[in-house]
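Structural description and commentary
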Amino acid sequence: MAVVYALCCLLCSAGNDFIFKLFARKPRTRGIFCSLIGIFWGLLTVLCFDIDWSSWEAILIWGSVIGFFSIAANLLLIEAMGLQSAGVCSTIYRLNLVPVVFGAWLLLGEKIAPLQWLGIVLAIGAVLCFLTLSGTSGETDRKKARLGVFMVILAALLRAGMGLSYKYAYAANADEFGITVFIALFWIIGGILYALFREQKQVKIDKSLFFYGTLSGLLVAGITIFMALALKAGKASVTLPIAQMSFPLTFLLSILFLKESVTRWKIIGVILSIAAVLLLCMAK
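Residues numbered from 1 in each chain as written. Predicted model: local features only at pLDDT ≥ 70, side-chain atom pairs only at ≥ 80, totals over all residues. Heavy atoms only, no water.

1. Digging into the overall build of the chain
In plain terms, the rule: Only DSSP runs of H or I with at least four residues qualify as helices, and only runs of E with at least two residues qualify as strands; both kinds are numbered from the N terminus onward. Our radius of gyration is a C-alpha quantity, and the globule rule it is checked against amounts to 2.2 Å times the number of residues to the power 0.38. Shrake-Rupley sampling with a 1.4 Å probe provides the accessible areas, and residues are treated as covered by the protein chains on show and by no other component. We count Lys and Arg on the positive side and Asp and Glu on the negative side, and we leave His and both chain ends out. Note on charges: their place is set at NZ of Lys, CZ of Arg, CG of Asp or CD of Glu.
When helices and strands are counted, the chain shows 12 helices and 0 strands. In sequence order, the chain lays out its α and β elements as α-α-α-α-α-α-α-α-α-α-α-α. Its C-alpha radius of gyration of 18 Å places the chain within 12% of the 19 Å reference for a compact globule of 284 residues. When the backbone C-alpha atoms are referred to their principal axes, the chain occupies close to 55 × 50 × 35 Å. Accessible surface, the chain: about 13400 Å² in total, of which carbon and sulfur atoms supply 71%. Counting 23 positive and 13 negative side-chain charges, the chain places the centres of these two groups 11 Å from one another.

Here it is, written out as structure tokens:
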């Protein structure tokens, strides 16, 4: 069942990235969108899991740190989706394993295996492939496309900070799902603040906002729930690589339904990214 749960997590991740892209295509409020995600995500987590609040101090501290990294990373990812293709953004975002490996080496004293070094090199090569993309023919569009790449790189770095913070949270015996609820709370509050201070002219509540927010909230909850079930049922060395492989599916969805262009450099970048994620996840 572990593989089945990991595949469900993969499908939820790919679907959520695709929803991010659909939402970002028009000038809608990203902040309220994230708040809606946080509401549904938090409610489903509370309903589906028995949360141990006895470690409330660790939940409060590390939930705040992780919550900040999470909402900041995802807001950047959504903004990047508005400038760059869904396939490129999703692929680079999943390469957050690279700074996680480096951070664990520098901060936690973990060793980097030779195969992981190879994975890091391949990941860097993949990002360089994506930086060669010019978007459309206009100079302004090329600059926006490249800006989108840099924004999603920053989002991946923030996501890596989130991953490393989880290690400290678990070391402090913080309840995993208590932290998840706290992260959802940060999405709610952070999204509202982003809408108020960054998007004053874009805040418009309509049916599409509720539709995308509800759907994405369900998918994010699915990611959390299925990953937890997968890790409980099987080994992380098996389930994690499967769950991280959502970006090829997002890449395919963006081509089939959004008619995004397919170039030689995109294909090479995705292939290098797949190899990099496998090496980073499975290397001992």
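Additional details are given in the paragraphs that follow.
2. Brief notes about the pattern of salt bridges
The test is simple: Any Lys or Arg side-chain nitrogen found within 4 Å of a carboxyl oxygen on Asp or Glu counts as a salt bridge. Buried, partly exposed and exposed residues are distinguished by accessible area as a fraction of the type maximum, computed with a 1.4 Å probe on protein chains only: under 20%, between the cut-offs, and over 50%, respectively.
Counted by the stated rule, this structure contains 3 salt bridges. Between Asp-17 and Arg-94 there is a salt bridge, with the nearest N and O atoms lying 2.8 Å from each other. Taken together, the positions of Asp-17 in helix 1 (residues 2–24) and Arg-94 in helix 4 (residues 86–94) put the pair 77 residues apart, joining distant regions of the chain. Asp-17 gets classed as buried once you look at its relative accessible area, which sits at 2%.

3. Details of the side chain of Thr-239
Our working rule: Contacts are assigned to residue pairs with any non-hydrogen atoms lying within 4.5 Å of each other.
Examined against the element boundaries, Thr-239 turns out to sit in helix 10 (residues 236–243). Among the residues examined, Thr-239 registers a relative accessible area of 0% and is labelled buried. Other than its neighbours up to four places away in sequence, Thr-239 contacts Ala-2, Ala-6, Ala-230 and Leu-231.

4. Digging into a nonpolar patch on the surface
What counts here: Patch building starts from residues that exceed 30% relative accessible area and form no salt bridge, then joins like charges within 9 Å and nonpolar side chains (Val, Leu, Ile, Met, Phe, Trp, Tyr) within 5 Å.
A contiguous nonpolar surface patch, about 600 Å² in accessible area, is contributed by Trp-105, Leu-106, Leu-107, Leu-108, Trp-117 and Tyr-168. For the nonpolar patch, the element with the most residues is helix 5 (residues 97–107), which contributes 3 residues. On the accessibility criterion, Leu-107 (56% relative accessible area) is exposed.

5. Looking at the packing of helix 1 against helix 3 (residues 56–81)
The condition is simple: Between N-to-C directions, angles cover 0 to 180 degrees, with each direction set by a line fitted to C-alpha atoms, over the stretch in contact for helices. Orientation is classified from the angle alone, with under 35 degrees giving roughly parallel, over 145 giving roughly antiparallel, 65 to 115 giving roughly perpendicular, and any other angle giving oblique. Throughout, a crossing is termed right-handed when the near helix is turned clockwise from the far one, and left-handed when it is turned anticlockwise from it by less than a right angle. Gly is put with the polar residues, along with every residue not named as nonpolar or charged; the nonpolar set is Ala, Val, Leu, Ile, Met, Phe, Trp, Tyr, Cys and Pro, and the charged set is Asp, Glu, Lys and Arg.
Axis separation between helix 1 and helix 3 bottoms out at 8 Å; the angle between their running directions is 60°. When the interaxial angle is binned, helix 1 and helix 3 end up oblique. Crossing hand, helix 1 versus helix 3: right-handed. Listed contacts from helix 3 to Asp-17, Phe-20, Lys-21, Phe-23 and Ala-24 of helix 1 are Asn-74, Leu-77, Ile-78 and Met-81. Classifying every residue of the contact of helix 1 with helix 3 by side-chain character gives 6 nonpolar, 1 polar and 2 charged.

6. Topic: the nonpolar core
Keep this limit in mind: We define a nonpolar core as any set of buried Ala, Val, Leu, Ile, Met, Phe, Trp, Tyr and Cys residues linked to one another through side-chain atoms lying within 4.5 Å.
Counting 78 residues, the largest nonpolar core has Phe-33, Leu-77 and Ile-179 as its most contacted members. The biggest single contributor to this core is helix 3, with 12 residues. Residues within four places of Ile-179 in sequence aside, it is in contact with Ile-59, Trp-62, Gly-63, Ile-66, Tyr-166, Ala-169 and Ala-174.

Keep in mind these numbers describe shape, not what the thing actually does.
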